[in-house]
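Observations on chain architecture
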Amino acid sequence: MLKPWLLEIEHQLLPQLEIYSKQPYDPIVVHYIPKPWKLLGSGNYAAVLMHPNYSDLVVKVYAPGRPGIEEETEVYRRLGKHPAYSECLHAGENYLVLRRLTGVTLYKCLQRGLPIPRQVIQDIDEALAYAVNRGLNPHDVHGKNVMMKDGRGLVVDVSDFMKQEYCPMWDDLKNAYDRFYYSWVRKMPIPNFALNVVRRSYRKWKKFRRTRGTI
Ligand SMILES: Nc1ncnc2c1ncn2[C@@H]1O[C@H](COP(=O)(O)OP(=O)(O)O)[C@@H](O)[C@H]1O
Ligand SMILES: [Mg+2]
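In this text, all values refer to a predicted model and were calculated from it rather than measured experimentally.

All right, on to the site of ligand 1 then. Looking at ligand 1, there are 21 residues lining it, with Tyr45, Ala46, Lys60, Leu101 and Lys144 nearest. Measuring from an oxygen atom of ligand 1, one finds a backbone N or O atom of Lys144 at 2.7 Å. Relative to its unbound accessible area of 550 Å², ligand 1 is 95% covered by the protein chains. Counting only elements with at least two residues in the shell around ligand 1, the list comes to β3 (38-42), β4 (46-50) and β5 (57-62). Here the shell around ligand 1 is composed, by residue class, of 8 nonpolar, 8 polar and 5 charged. Two domains each put at least three residues into the shell around ligand 1: domain 1 (17-99) and domain 2 (104-196).

On the surface, Arg200, Arg203, Lys204, Lys207 and Arg210 cluster together into a positively charged patch. Here Arg200 lies in helix α6 (residues 192-211).

On inspection of all chains with the given rule, the structure shows 12 salt bridges. Linking Glu74 and Arg77 is a salt bridge whose minimum nitrogen-to-oxygen distance equals 2.9 Å. Placement of both Glu74 and Arg77 in helix α2 (residues 69-79) is noted, with a separation of 3 residues, approximately one turn of the helix.

Here we come to the sheet that holds strand β7 (residues 95-99). Spatial strand order, β3-β4-β5-β7-β6: 5 strands in an open sheet with antiparallel pairing. Strands at the two margins of the open sheet, each flanked by one partner only, are β3 and β6 (88-91). Within the sheet, the average angular offset between the axes of one strand and its neighbour, ignoring direction, is 25°. Pairing of β3 with β4 involves 4 bridges; the strand directions are antiparallel.

Once that is clear, we can look at unusual backbone geometry. Following Lys35, the chain continues to Pro36 via a peptide bond in cis, the omega torsion being 0°. With respect to the element layout, Pro36 can be found in the loop between β2 (29-32) and β3. Notably, Asp140 is not glycine yet its phi reads approximately 65°, a positive angle. Among the secondary structure elements, Asp140 is positioned in the loop between α4 (118-133) and β9 (146-149). According to the relative accessible area criterion, Asp140 is buried, its value standing at 16%.

In this section: helix α1 (residues 4-16). Side chains that are three or four residues apart share a direction in an α-helix, a result of its 3.6 residues per turn. Under the 1.5 Å per step criterion, the end-to-end length of α1 is 18 Å for 13 residues, consistent within 8% with the ideal 18 Å. In the structure, α1 departs most strongly from a straight axis at Glu10, where the bend amounts to approximately 30°. Looking at α1, one finds that the buried residues are Trp5, Leu6, Ile9 and Leu13. The inward-facing, buried residues of α1 abut β4, β5, β6 and β7.

Moving on: the coordination of the magnesium ion (ligand 2). Geometry sets the ideal angles at a metal, namely 109.5 degrees for four tetrahedral donors and 90 or 180 degrees for six octahedral donors. Surrounding the magnesium ion (ligand 2) are the protein donor atoms Asn145 (OD1) and Asp157 (OD), which sit 2.2 Å from the metal. Separated by 12 residues along the polypeptide, Asn145 in the loop between α4 and β9 and Asp157 in the loop between β10 (152-155) and α5 (169-185) bring together distant segments of the chain. On the basis of relative accessible area, Asn145 is assigned to the buried category, the value being 7%.

Here the focus is the sheet that holds strand β8 (residues 104-105). In space, the 3 strands of this open sheet follow the order β8-β9-β10, with antiparallel pairing throughout. The sheet is open, and its two borders are formed by β8 and β10, each paired with just one other strand.

Counting 33 residues, the largest nonpolar core has Leu79, Tyr85, Leu106, Val155 and Phe161 as the members making the most contacts within it. Secondary-structure elements contributing two or more residues to this core are β4, β5, α2, β7, α3 (106-112), α4, β9 and α5. Per-domain counts for this core show at least three residues from each of domain 1 (17-99) and domain 2 (104-196). Ignoring any residue separated from it by four or fewer positions in sequence, one finds Leu79 in contact with Tyr85, Tyr130, Ala131, Arg134, Leu136 and Val158. Core analysis: the next-biggest nonpolar cluster, separate from the first, contains 17 residues, Trp5, Ile9, Ile28 and Leu49 among them.

Moving on, we get to the environment of Lys81. Structurally, the position occupied by Lys81 is in the loop between α2 and β6. Exposure remark for Lys81: the relative accessible area of 67% places this residue in the exposed category. A polar contact is formed between the side chain of Lys81 and the side chain of Glu87, at a distance of 3.3 Å.

Calculation rules
Residues numbered from 1 in each chain as written. Chains lettered and ligands numbered in written order. Predicted model: local features only at pLDDT ≥ 70, side-chain atom pairs only at ≥ 80, totals over all residues. Heavy atoms only, no water. Near = heavy atom within 4 Å. Polar contact = N/O pair within 3.5 Å; in protein donor to acceptor, adjacent residues only side chain to side chain. Areas by Shrake-Rupley, 256 points an atom, 1.4 Å probe, with all protein chains shown as cover. Helix = DSSP H or I, 4+ residues; strand = E, 2+ residues; numbered from the N terminus. Nonpolar A, V, L, I, M, F, W, Y, C, P; charged D, E, K, R; others polar. Domains from an automatic or database assignment. Patch = residues over 30% accessible without salt bridge, like charges linked within 9 Å, V, L, I, M, F, W, Y side chains within 5 Å. Salt bridge = Lys/Arg side-chain N within 4 Å of Asp/Glu carboxyl O. Lys, Arg positive; Asp, Glu negative; His and termini not counted. Charge placed at Lys NZ, Arg CZ, Asp CG, Glu CD. Pairing = 2+ DSSP bridges. Axes fitted to C-alpha atoms, helices over the stretch in contact; angles between N-to-C directions. Buried < 20%, exposed > 50% of the residue type's maximum accessible area, 1.4 Å probe, protein only. Expected span 1.5 Å × (residues − 1). Bend = angle between axes of the 7 residues up to and from the residue. Contact = heavy atoms within 4.5 Å. Donors = N, O, S within 2.8 Å, 3.2 Å for Na, K, Ca; no water. Core = buried A, V, L, I, M, F, W, Y, C linked by side-chain atoms within 4.5 Å.

Laid out in structure tokens, this is it:
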């Protein structure tokens, strides 16, 4: 039987939603969202939306020209059921229907000054090891792609787990947690612009180190 949310997505959300990608390395831009859909977040590939009548689901709509939907579907197939990950319930041409994770991204935790317990970091570490066991390669695991919920860690974005090369982001985040965060910033809200400066500087610093052949 056709799911009612599928009709809402195909006939209401998709024809009216306006999203596009401006810069390949910046988050996509969301221009218009039809009512009553709500934007939960956006990343470098997609916008993630929710309908109030189906609040246990989210729809991840890939922006035109952004690749990777087949890979993400395959990642979810390999992950199966695991408490730290969502699941893919349906794959459309340019969108996925995923189980909603109701945590707060670690990026938002920093913005709001919500303390991140060590258990969260440990849960994410274990979830990533599980992914490796399933033949995946955790990639692009940064503050906007992991969440905290009831003191436990969740991994919200697995779209790059089919990539082959090593990605240092999670190891860098873990190091920063131990060296810097735990003793200094745990309870301090950090303004948006400062987090953006950190995001951009991190990218530039990595590029600089790469071109000098030091990593
Ligand atoms: N299953 C989910 N449940 C709740 N929120 C989600 C879910 N998936 C993504 N989000 C939100 O949407 C944002 C962007 O999704 P993400 O999968 O990271 O997109 P991208 O692949 O474009 O980076 C996330 O940072 C998170 O805030
Ligand atoms: Mg993301």
